[in-house]
Amino acid sequence: MKQHRDTLTALRVSRWVYGGAFLIPFAIMVLVFWHLKITPFGQRNLLFSDMGAQYVPILEYLRTTILSGHFHLFSLSLGTGSGLIPLLTYYVISPFNLLIFLFPAAKITTALTWIIILKISTIGFSMAVFLRHAFLKTGWSLLLFSTAFSLCGFVTMYFYDMMWLDALIWLPIVALGLHRLVHHHHFGLYTVSLTITILSNYYMGYMTCLFSVLYFVYLIIEHQTTPTPFKTVWQMHWPAIRQFMIGSVLAGGMTTIVLLPTALGMLLTGKNSVITQNYALSPLFGPEVLAQFGPAGSTYSGHLYHTPSVFMGTLMFLLLIVYFVSPRILAVEKKRTMWLLLAMGLGLLITVLNTAWHMFQQPAGFPFRNVYFFTFLAIVTAYRAWQTHPAQTMNDPQKVLALVWGAGLLTIGFVAVKILPKLYYKMEPTYNNSLYFHSQPAFHLLWLALGLLLLNTMLLFISEWRPVRIGLMAVIIFAELGGSFLVGTRGIGFGSQTAFTKAYRADTGLLKQVGATKPKPNLHRVEFLHSTISEAYKGAYNHYNDPLLFNYNGISSYSSTLEEQARVFQHDLGYLSPNVRRISPQGYTHVTDTLLGVKYRLNSYKTPPITPLTTYAGFGFAVPERLGRVQLYDQDALNNQRKVLDALGAPANTLAAASILNTTQRRATKADAASIPDGTKAKPAGDYYLQTITLRVNATGLLHGYSPADNIVYSSLKVNGQKAKPLTNADGYRYIMNFGQRTKGTVLKISYVTDDPRAPQQNQFASLNQAVYRKFTKKLAQQRFKLGPTSGVSWISGTVTGTAKRQLLYVPIPMTPGWTAKVNGKPVKIQSAMHAKSLVPVIKNYPGMIGIPLQRGENKVTLTYQTPGLKLGALISLASLALFFVLWFMSEWLRPLEARHAKPKD
């Protein structure tokens, strides 16, 4: 009876502890966001960094398309068109995201606040479940450890990259599954939790797979009291090893439905290039990382490159040291734990290992994304030390040794902070080293860290474990975690919720006027150069993902899943593309308007804000076959457009070069250099030049300029003394400049700052003859692709007339895998209309847009998109799921049932 009562008491305590593990991080986050006045607790919101530029637009696009009933696995809101599965699996697949459907579009930022709060709270809950079941102990002290993980340094630095938080929720459950697998040979929990982790975010799921291998090896050797040969360990644990391999393969198989199409999609991005320096054996940081064990060591200001965020509370740091000092823990156990922590630490430290952890690509910003595995292991180790009751089992010299070790490590870390990052930058003044130097914590935080260490030491080593003392520890660590999170937000330019609500409604209303947001989408494109939504952002907002945010067909995009082929094609035509993740609407000409099917250009700050484009010739039209053979080259945009016009059959000199009358150059003064943004300046003012070009316009129309060099400071551009900088900061890159409508014979002066004295020799200037080109586009439109009323995004049908001179249908959708075509009911092979070449980051030639061979006369053309790999992936996942249930039933249900009913032997 007493045992039964004890069990019920433990169960009730466990329930309260689980509730506390969820509610304590919840309360801390509510207080932090209330203090920061984040919606719904104020009029600020999370429109900054990736949250504002990617998550808000992507999730709003998902919400709008699903609620309207027009969700497709291909989208024309992603650049010039892209499959959606890689985007969904990287950013979207999380059950928490269902909350967005409870909020209107203008309030989606409030939904994201609650999603973050709930995710962080659930991390605490899952950590409590792990500690309770892995160590078969419960109690209020468990809340110290669960909260430490839920608000660890990784969460503080990357909470706004909320797709990663799901991995922290499931990591303790994966680890618990491994404990069950090793100790009870039950693989079900491990397989299911790993499957959900991969489905939630395949990128973090990949890291969890690596962690699982390390942690499994640790568990099978953990309880060997003496060093045991590997062969013996293998034989002893072969059933567990077999189940681990089967469970891992099944988890991979059950997620193939997203992994296979995602892998095929990611192979189309620019992130698959191999950069040799990412595979070096060099270290990525030094002993200054030890300072991160102190509170408030990282802030958002240094988010692009900083030391690994290993903070987990001073008490956890102290207990981690106690583990290796305590006499209650065997030396062989300490050694194994040390090797496990060392393996995780080397994965952070050594470049090649760090690259392997990050799917063999070094992160572009937000480094050391795998640091939470180290934190998890450190907290688990601290919990082991806590279970030894160090106040009672350690003598005074050992307690002093733990304090001295802790103080010494912190002091070494902060002293290194004062010296080493500055030295790294002096030895190699790279951009990352500059960021690293400026991201280090202030030295005076050492005294706070040492004070907290001393206070926790006094509380930890008091012999009697009373609730008051544990309560004091809880107050300290919760204050540390909440305070560090608050300090970590320094440097964030939070957005305005009031401005977002107002601007979203205004911009949506403008788009409705051109039919861009109809539930049944029109396939023409809209170029929204400058929406008022930028007023909701405190920092620079470059409108890359406006097409997703407002659900219209655009030409810009910003995501880690941007298809490289389409990006290179646009970049070769003159569009601004700062890197492989971004393509901007800046750099347009009327030629690109025609080629990409742009029907309207919008700018909320112009009167009128809507410009219907007379150069629109339809969403596809018949062209000469020679267009398919046109080769575009990187860094030659205006000449590329001349090639296109020639292949299309446009009149000669439609794009007329301007006459350079005079070029002058002088050293830039301080006043000249004042126009250079701080983020662009890399040299003293005297190392820059002010160049002025006088030219004569030779055709009436839009005047464009292009510099193959990437060293024009576009923010310093002036035309006849008037500022002409682009809406998006293009400094350090290249794009086609627009100098406005100019009349033939006009003479004007164009000036800019550059650090290359040879720049004028490379510059190109040309005007598009407006009258001639307008007539030509009308001729193209006579053989346009006339879309049927049932055409959608992934199924396009219509008619087009083919002639002897125009036997190729040009459709402004990238020729990527997944598209099939039929002409008059018969399958035809899709051809590439033009090819594009990149020089950076790799030299490679890509297909261009979709080209479909036509017959003479009227042709009924049908284009259909199916996500590559989706069907095969679904079949593999279904087969793996069926096999999992069969094996789980046999190993975790049928066999234990048979064992319970087996008759005992005589």
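The structure displayed is predicted, hence computed values, not measured ones.

Here is what the cut-offs are and how they apply
- Residues numbered from 1 in each chain as written.
- Predicted model: local features only at pLDDT ≥ 70, side-chain atom pairs only at ≥ 80, totals over all residues.
- Heavy atoms only, no water.
- Helix = DSSP H or I, 4+ residues; strand = E, 2+ residues; numbered from the N terminus.
- Rg over C-alpha atoms; globule rule 2.2 N^0.38 Å.
- Contact = heavy atoms within 4.5 Å.
- Areas by Shrake-Rupley, 256 points an atom, 1.4 Å probe, with all protein chains shown as cover.
- Lys, Arg positive; Asp, Glu negative; His and termini not counted.
- Charge placed at Lys NZ, Arg CZ, Asp CG, Glu CD.
- Expected span 1.5 Å × (residues − 1).
- Buried < 20%, exposed > 50% of the residue type's maximum accessible area, 1.4 Å probe, protein only.
- Salt bridge = Lys/Arg side-chain N within 4 Å of Asp/Glu carboxyl O.
- Pairing = 2+ DSSP bridges.
- Phe/Tyr/Trp six-rings, centres within 6.5 Å; stacked < 30°, edge-to-face > 60°.
- 1 Å grid on protein atoms, 1.4 Å probe; cavity = no way out; pocket = protein on both sides within 12 Å on 5 of 7 lines; lining within 4 Å.
- Points joined across faces, edges and corners; volume = space filled by probe spheres on them.
- Polar contact = N/O pair within 3.5 Å; in protein donor to acceptor, adjacent residues only side chain to side chain.
- Axes fitted to C-alpha atoms, helices over the stretch in contact; angles between N-to-C directions.
- Patch = residues over 30% accessible without salt bridge, like charges linked within 9 Å, V, L, I, M, F, W, Y side chains within 5 Å.
- Core = buried A, V, L, I, M, F, W, Y, C linked by side-chain atoms within 4.5 Å.
- Left-handed = near helix turned anticlockwise from the far one by under 90°.
- Nonpolar A, V, L, I, M, F, W, Y, C, P; charged D, E, K, R; others polar.

Caption draft 1: Representation of the overall build of the protein. Along the protein, the regular secondary structure elements total 30 helices and 27 strands. For the protein, whose C-alpha radius of gyration is 31 Å, the value lies close to the compact-globule estimate of 29 Å for 906 residues. Once the C-alpha set of the protein is aligned to its principal axes, its extents read approximately 100 × 70 × 50 Å. By sequence separation, contacts in the protein at least 24 residues apart represent 77% of the contacts at least 6 residues apart. Working note: accessible area of the protein is about 37000 Å², and carbon and sulfur atoms make up 63% of it. Across the protein, the centroid of the 79 positively charged side chains sits 5 Å from that of the 35 negatively charged ones.

Caption draft 2: Examining helix 4 (residues 108-135) more closely. Spanning 28 residues, helix 4 covers 41 Å between terminal C-alpha atoms, matching the ideal 40 Å at 1.5 Å per step. Here helix 4 lies mainly inside the structure; 24 of its 28 residues are buried.

Caption draft 3: Broad picture of the pattern of salt bridges. Within this structure, the stated rule accounts for 8 salt bridges. In this structure, R63 and E60 form a salt bridge, with 3.1 Å as the shortest nitrogen-oxygen distance. Linking R63 with E60, this pair stays in helix 2 (residues 49-68), spanning 3 residues, or about one helical turn. Look at R63 and you get buried, because its relative accessible area is 11%. For R601, the salt bridge identified is with E527, shortest N-O distance 2.6 Å. Of this pair, R601 sits in strand 8 (residues 598-603) while E527 is found in strand 5 (residues 525-530), placing the two residues 74 residues apart along the sequence. Both residues of the pair, R601 and E527, belong to the buried class. Here the salt bridges share partners, and the residues they tie into one network are E527, D593 and R601.

Caption draft 4: Geometry of the pairing of strand 14 (residues 701-706). In terms of burial, strand 14 is largely enclosed, as 6 of its 6 residues are buried. Where strand 14 meets strand 17 (residues 737-742), 4 bridges bridge the pair, whose relative direction is antiparallel. Of the residues in strand 17, the one forming a bridge with G701 is R742. When strand 14 meets strand 19 (residues 764-768), the two strands line up antiparallel, connected through 4 bridges.

Caption draft 5: Highlighting the packing of aromatic side chains. Under the defined criterion, the tally for this structure stands at 61 aromatic pairs. With a centroid separation of 6.2 Å and an interplanar angle of 50°, the aromatic rings of F33 and F159 are classed as tilted. One end of the pair, F33, is in helix 1 (residues 2-36); the other, F159, is in the loop between helix 6 (153-158) and helix 7 (165-184), with 126 residues separating them in the sequence. Here F33 falls in the buried class, since its relative accessible area comes to 1%. Seen from their ring centres, F528 and Y552 are 6.3 Å apart, and the 50° between their planes marks the pair as tilted. You can see F528 sitting in strand 5 and its partner Y552 sitting in the loop between helix 23 (546-550) and strand 6 (557-558), a full 24 residues away along the chain. According to the relative accessible area criterion, F528 is buried, its value standing at 2%. Overall, Y552 belongs to the buried group, its relative accessible area being 2%.

Caption draft 6: Empty space enclosed by the protein, seen in detail. By the definition in use, this model includes 7 cavities of 30 Å³ or more. There is about 80 Å³ of room inside the second largest cavity. Around the second largest cavity, the lining residues are G153, T156, M157, Q292, A296, G297, S298, S309, F311 and S484. Counting residues per element, the lining of the second largest cavity draws most heavily on helix 6, which supplies 3 residues.

Caption draft 7: Representation of the side chain of S75 in the model. The topology assignment puts S75 in strand 2 (residues 74-75). Residue classification places S75 among the buried residues on the basis of a relative accessible area of 1%. At a separation of 3.0 Å, a polar atom in the side chain of S75 contacts the main-chain amide nitrogen of S77. Setting aside anything within four residues of it in sequence, one finds S75 in contact with Y61, G81, S82, L84 and V793.

Caption draft 8: The arrangement of helix 11 (residues 238-254) in detail. Taking 1.5 Å per residue, 17 residues should reach 24 Å; helix 11 reaches 24 Å between its end C-alpha atoms and fits that length. Looking at helix 11, one finds that the buried residues are A240, I241, Q243, F244, G247, L250, A251, G253 and M254.

Caption draft 9: Main features of the sheet that holds strand 22 (residues 808-814). One open sheet holds the 4 strands; their spatial order is 10-22-26-25, and the pairing between them is antiparallel. Looking at strand neighbours, the two that pair on one side only are strand 10 (621-623) and strand 25 (831-838), the edges of this open sheet. For this sheet, the mean inter-axis angle between neighbouring strands, taken without regard to orientation, is 45°. In the sheet, strand 25 pairs with strand 26 (residues 844-853) via 7 bridges, with the strands oriented antiparallel. Note that in strand 26 the partner of K837 across the bridge is N845.

Caption draft 10: Quick peek at a nonpolar patch on the surface. Residues L878, L881, F885, V886, W888, F889 and M890 make up a contiguous nonpolar surface patch of about 630 Å² in total accessible area. Relative to the helices and strands, L881 resides in helix 30 (residues 870-901).

Caption draft 11: How the structure looks around the nonpolar core. Ranked by size, the top nonpolar core spans 188 residues in total, and within it F130, F159 and M316 carry the most contacts. Ranked by the residues each element gives to this core, the list is headed by helix 4, at 15 residues. Other than its neighbours up to four places away in sequence, F159 contacts F33, L46, F48, I116, I120, F154, L165, F485, T489 and I492. By size, the runner-up hydrophobic cluster in this structure holds 43 residues, among which are L595, L613, A617 and A833.

Caption draft 12: Looking closely at unusual backbone geometry. Cis rather than trans, the peptide bond between T607 and P608 has omega equal to -5°. Tracing the sequence through the fold places P608 in the loop between strand 8 and strand 9 (610-612). Backbone torsion omega between V840 and P841 reads 5°, so that peptide bond is classified as cis. Among the secondary structure elements, P841 is positioned in the loop between strand 25 and strand 26. The residue N551 is not glycine, and still its phi comes out positive at about 60°. Structurally, N551 is set in the loop between helix 23 and strand 6. A relative accessible area of 19% means that N551 is categorised as buried.

Caption draft 13: The environment of Q235, seen in detail. For Q235, the position within the fold is in helix 10 (residues 230-236). Considering only alpha carbons, one finds Q235 and Q770, 535 residues apart in sequence, at a separation of 80 Å.

Caption draft 14: Examining the pairing of strand 22 more closely. Of all 7 residues making up strand 22, 7 are buried, and the element is well covered by its neighbours. Burial of strand 22 is two-sided: the residues L808, Y810, P812 and P814 facing one way and the residues L809, V811 and I813 facing the other way are all buried. Across 5 bridges, strand 22 lies against strand 26 in antiparallel orientation. Counterpart to L808 in the pairing with strand 26 is P853.

Caption draft 15: Representation of the sheet that holds strand 18 (residues 747-754) in the model. Spatial strand order, 12-13-18-15-16: 5 strands in an open sheet with antiparallel pairing. Across the chains shown, the open sheet's two edge strands, defined by having one partner strand only, are strand 12 (659-667) and strand 16 (722-723). Both strand 15 (residues 712-719) and strand 16 contribute to a ladder of 2 bridges, which runs antiparallel. Residue K718 lies in a different strand from strand 16, and its bridge partner there is K723.

Caption draft 16: The arrangement of the environment of K37 in detail. By the element assignment, K37 lies in the loop between helix 1 and strand 1 (44-45). For the pair formed by K37 and P853, sequence separation is 816 residues and the distance between their alpha carbons is 59 Å.

Caption draft 17: The arrangement of the packing of helix 13 (residues 314-325) against helix 20 (residues 445-460) in detail. One way to put it is that helix 13 packs onto helix 20 with a least axis distance of 9 Å and a crossing angle of 65°. Of the two possible hands of crossing, helix 13 and helix 20 adopt the one that is right-handed. Residues T314, L315, F317, L318, L319 and V322 of helix 13 pack against A449, L452, L453, N456, T457 and L460 of helix 20. Of the residues contributing to the contact of helix 13 with helix 20, the split by class is 9 nonpolar, 3 polar and no charged.

Honestly, it's all geometry; don't read function into it.
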